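Structural overview for review
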Number of protein chains: 2
Amino acid sequence: MAEATYAKGLEGVVAAESEICRIDGEQGKLFYLGYSIEDLARFSDFEETTYLLLYGRLPNKEEKERFSKRMRVSRDLAPEILEMVRNFPKDAHPMELLQSVISYLSGYIQHKIQHSATCNCRDTLHQVVQLASVVTAWQRFQEDKEYVPPRRDLSHGANFLYMMRGEEPDEFEGRVMDTCLVLHAEHGFNASTFTARVVASTMSTCYSSISAAIGSLYGSLHGGANEKAMAMVEAIGSKDKAAEWVNNALDSKQKIMGMGHRVYKAKDPRSIIMEEFLVQLSKRKNNTLSYDILKEVEKTFRERMEEKGKPIYPNVDFFSGAVYDLLGIPKILFTPIFAVSRVAGWLAHILEQRRDNRLYRPKSLYVGSEAREWLPLEKR
Amino acid sequence: MAEATYAKGLEGVVAAESEICRIDGEQGKLFYLGYSIEDLARFSDFEETTYLLLYGRLPNKEEKERFSKRMRVSRDLAPEILEMVRNFPKDAHPMELLQSVISYLSGYIQHKIQHSATCNCRDTLHQVVQLASVVTAWQRFQEDKEYVPPRRDLSHGANFLYMMRGEEPDEFEGRVMDTCLVLHAEHGFNASTFTARVVASTMSTCYSSISAAIGSLYGSLHGGANEKAMAMVEAIGSKDKAAEWVNNALDSKQKIMGMGHRVYKAKDPRSIIMEEFLVQLSKRKNNTLSYDILKEVEKTFRERMEEKGKPIYPNVDFFSGAVYDLLGIPKILFTPIFAVSRVAGWLAHILEQRRDNRLYRPKSLYVGSEAREWLPLEKR
């Protein structure tokens, strides 16, 4: 056996090959299965993008219709699942509920609906679709409102807004929401996707693997950036206070949420699309407050960074919080919505992992005590 | 940045340092925090071993009593959790339920009981203790029996048998069960423990991390070996058929469950203790059927292997299934019991991960398609 390499946090280690996502951080490009995020945002929708991720190619007309239909019939929640949502403590976080419901579904769908043990995870799509239903149901119960059953004539994004509001969104809002789901559906080997693959590598179910990934996304080092960016907008309050706020934050070494990205050295391509949505939504809603604040934050931040010769751009989280806010979505749902979308990518990675599986089994280096003699209780 | 290393399945990569567990495969030795598994099995119990794993040292008398009390008061299930258990499809696997309940508890305990957001996961021990209550409640409901509330005067192992049976086990059986939990509480960086650490590295909760680990343990490449070993005993049926069964299995290249171990080249030290339990239980119950079959399997197997010059020994799973069976535990609970015990080790690793955290973030190597031009639906 070769000498073991110590790589804390697995830094610099390539854990697997993957065909799903290409990120070109230098050029600011993102591709799902070779298709650019710009084309996907412009021409595709969440259901079609999910098909692309799961099958590795775009569907033809018949396949697209069949797949879309399969997703839509899976939207409604079983009474027992609704009970779980209703019983969940109101002041607890919906990510914990999501993680729980998905593994509950594992047993539930398989044995009460039509899932078979040999299912390849594309036959039923509850694990992809029902996250949206759980998130919206949770939000309704928070407001002491009744569950709104899903509609089958709406896109995944529009139906999300419908189930949350109890009213059909206009076409533009539905389209924006659906495209936000496309933009977040996949992004390579981040911590949650890696988690999904680690669990899948034991040959556990897709539900178990997705549930575990939700657990990782809940971690403050992973999800939550757009929630914090929106909290920043609220804390600043008005455009004229933004420059001072940013200067103070930077002087006291605070991080400005949504600026810069570990992978993208050029502009995050998703942020360009997201900014355009924010511009249009702000205009339609006659409310440019958040956008004005964000642009002032961006300007001040970049001026400060340029003094140091570092060009730093906004990432997708910088604008997405304000977009969701204008769609009437409360901040606590921002990370759950990330899961509603990224589940498509997780499942793609789970399927890819299974196609050429190797159990992830790194070693640890023992740095603990030598053998110790037992000490009876009375001598301690 | 250094050149990336490609290590499929992270083979040969050291992902972290750890002080918790030392396994000496050549000598057949296992230590938790420096204490040998033989001493732990002989002198300790599951509660004290859990303390050792979580605090890194043995408790004194007062600490032991306080910790034990804290574990015991956390045993009872909330009505909503019992509902989840009751509603779970009867033909689904309890591991899926366990994974779900633990993340549900994450919100539940924190907000309804006494968990605080800054809790260090040792203040409440529901995440360790309640797995046993869920597993036994599930089993009761399977048999259309009522939930048996826990008792506080019994060890963790004895209380498990009590909640499952509705009757107090005799002292010996309680001791055997409790020691089985000690033997399985920790075993280094296996797939489920690694999963727990990956999720914990995002700074997610201990509940989320444990839930994810349960998902990995459910995978057929990880848990389930003792269930299969017991199924083998049942399939063989009697001692005189064992040799032929093993010979046939080996001739058709089948794996004999419970023989050999990836890490232990000498005897798995836990198997020696487990065999002794099996001998004693068989005698007490006047039922040596399983033991006789297993010994005949072992003998035949080793004769065949010695022809090839490879000494291969039974591992802990070889005997533990038969031990559980004599304790009246159905096979489907074997992997859940593994979780009931290993949760102590998972939590130890979660705490260790947090003390010197680095997000696990390996890379993937893109091997997919070049950029593709968008193809409108009508042209596909």
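Source: prediction; values computed, not measured.

A few words now on the overall build of chain A. Each helix and strand counted, chain A has 16 helices and 6 strands in total. Relative to its length of 380 residues, chain A is compact, with a C-alpha radius of gyration of 22 Å against a globular reference of 21 Å. Principal-axis analysis of the C-alpha atoms gives chain A an extent of 65 × 50 × 50 Å. Counting only residues that meet the buried cut, chain A has 61% of its 380 residues in that class. For chain A, contacts bridging at least 24 residues in sequence account for 75% of all contacts bridging at least 6. For chain A, the exposed area adds up to about 14,700 Å²; of that, 47% sits on carbon and sulfur atoms. Taking the average location of the 51 positive side-chain charges in chain A and that of its 52 negative ones, the two points are 2 Å from each other.

This part takes up the nonpolar core. In terms of nonpolar packing, the biggest core is built from 229 residues, with Phe-160 and Ile-329 of chain A together with Phe-160 and Ile-329 of chain B touching the most fellow members. In contact with Ile-329 of chain B, not counting residues within four places along its chain, are Phe-160, Leu-161, Met-164, Met-177, Tyr-324, Phe-334 and Ile-337 of chain B. Ranked by size, the runner-up nonpolar core spans 18 residues in total, among them Val-13 of chain A together with Ala-16, Phe-194 and Tyr-360 of chain B.

Moving on to the interface of chain A and chain B. With 98 residues of chain A at the contact, the number on the chain B side is 98 residues. Taken together, both faces of the contact between chain A and chain B bury some 9,200 Å²; the carbon and sulfur share is 60%. Linking chain A with chain B are 6 salt bridges, by the criterion used here. Between Glu-11 of chain B and Arg-358 of chain A there is a salt bridge, with the nearest N and O atoms lying 3.0 Å from each other. Scanning the region where chain A abuts chain B turns up 47 residue pairs in polar contact (both at pLDDT 80 or more). If one sorts the elements of the side of chain A that touches chain B by residue count, helix α5 (residues 94-112) of chain A sits on top with 12 residues. Partitioned by chemical class, the residues of the side of chain A that touches chain B number 43 nonpolar, 32 polar and 23 charged. Where strand β6 (residues 363-366) of chain A and strand β2 (residues 13-18) of chain B come together, 4 bridges link them in parallel fashion.

With respect to topology, 3 strands assemble into an open sheet ordered β1(B)-β2(A)-β6(B), the strand pairing being parallel. Edge positions in the sheet fall to β1 (5-6) and β6 (363-366) of chain B, since each has one partner strand and no second.

This brings us to the pattern of salt bridges. Overall, the coordinates contain 54 salt bridges over all chains when judged by the stated rule. Here Glu-168 of chain B and Arg-151 of chain B are joined by a salt bridge, their closest N and O atoms 2.9 Å apart. You can see Glu-168 of chain B sitting in the loop between α7 (156-165) and α8 (171-183) and its partner Arg-151 of chain B sitting in the loop between α6 (126-142) and α7, a full 17 residues away along the chain. We classify Glu-168 of chain B as partly exposed; its relative accessible area is 46%. Connected through shared salt-bridge partners, Asp-45, Glu-48 and Lys-64 of chain A together with Arg-380 of chain B make up one network.

With that out of the way, let us pick up the relation of the copies chain A and chain B. The operation relating the two chain copies consists of a rotation about an axis and a shift along that axis. Between chain A and chain B, which share one sequence, the superposing operator has a rotation angle of 180 degrees and an axial displacement of 0.0 Å; the RMSD is 0.0 Å. Interpreted geometrically, this transformation is the action of a two-fold axis. In this assembly the copies share their binding face: 100% of the residues contributing to the interface of chain A also contribute to that of chain B.

Here we take up the layout of surface pockets. Of the voids in this model, the second largest pocket is the one considered here, and its volume is about 1,600 Å³. Those elements that provide at least two residues to the lining of the second largest pocket are β6 of chain A together with β3 (21-24), α11 (225-236), α15 (316-326) and α16 (334-355) of chain B. Taken together, the residues of the lining of the second largest pocket sort by class into 17 nonpolar, 18 polar and 13 charged.

Rules and cut-offs
Residues numbered from 1 in each chain as written. Chains lettered and ligands numbered in written order. Predicted model: local features only at pLDDT ≥ 70, side-chain atom pairs only at ≥ 80, totals over all residues. Heavy atoms only, no water. Helix = DSSP H or I, 4+ residues; strand = E, 2+ residues; numbered from the N terminus. Rg over C-alpha atoms; globule rule 2.2 N^0.38 Å. Buried < 20%, exposed > 50% of the residue type's maximum accessible area, 1.4 Å probe, protein only. Contact = heavy atoms within 4.5 Å. Areas by Shrake-Rupley, 256 points an atom, 1.4 Å probe, with all protein chains shown as cover. Lys, Arg positive; Asp, Glu negative; His and termini not counted. Charge placed at Lys NZ, Arg CZ, Asp CG, Glu CD. Core = buried A, V, L, I, M, F, W, Y, C linked by side-chain atoms within 4.5 Å. Buried area = accessible area lost by both parts, 1.4 Å probe. Salt bridge = Lys/Arg side-chain N within 4 Å of Asp/Glu carboxyl O. Polar contact = N/O pair within 3.5 Å; in protein donor to acceptor, adjacent residues only side chain to side chain. Nonpolar A, V, L, I, M, F, W, Y, C, P; charged D, E, K, R; others polar. Pairing = 2+ DSSP bridges. Least-squares fit on C-alpha atoms with pLDDT ≥ 70 in both. 1 Å grid on protein atoms, 1.4 Å probe; cavity = no way out; pocket = protein on both sides within 12 Å on 5 of 7 lines; lining within 4 Å. Points joined across faces, edges and corners; volume = space filled by probe spheres on them.

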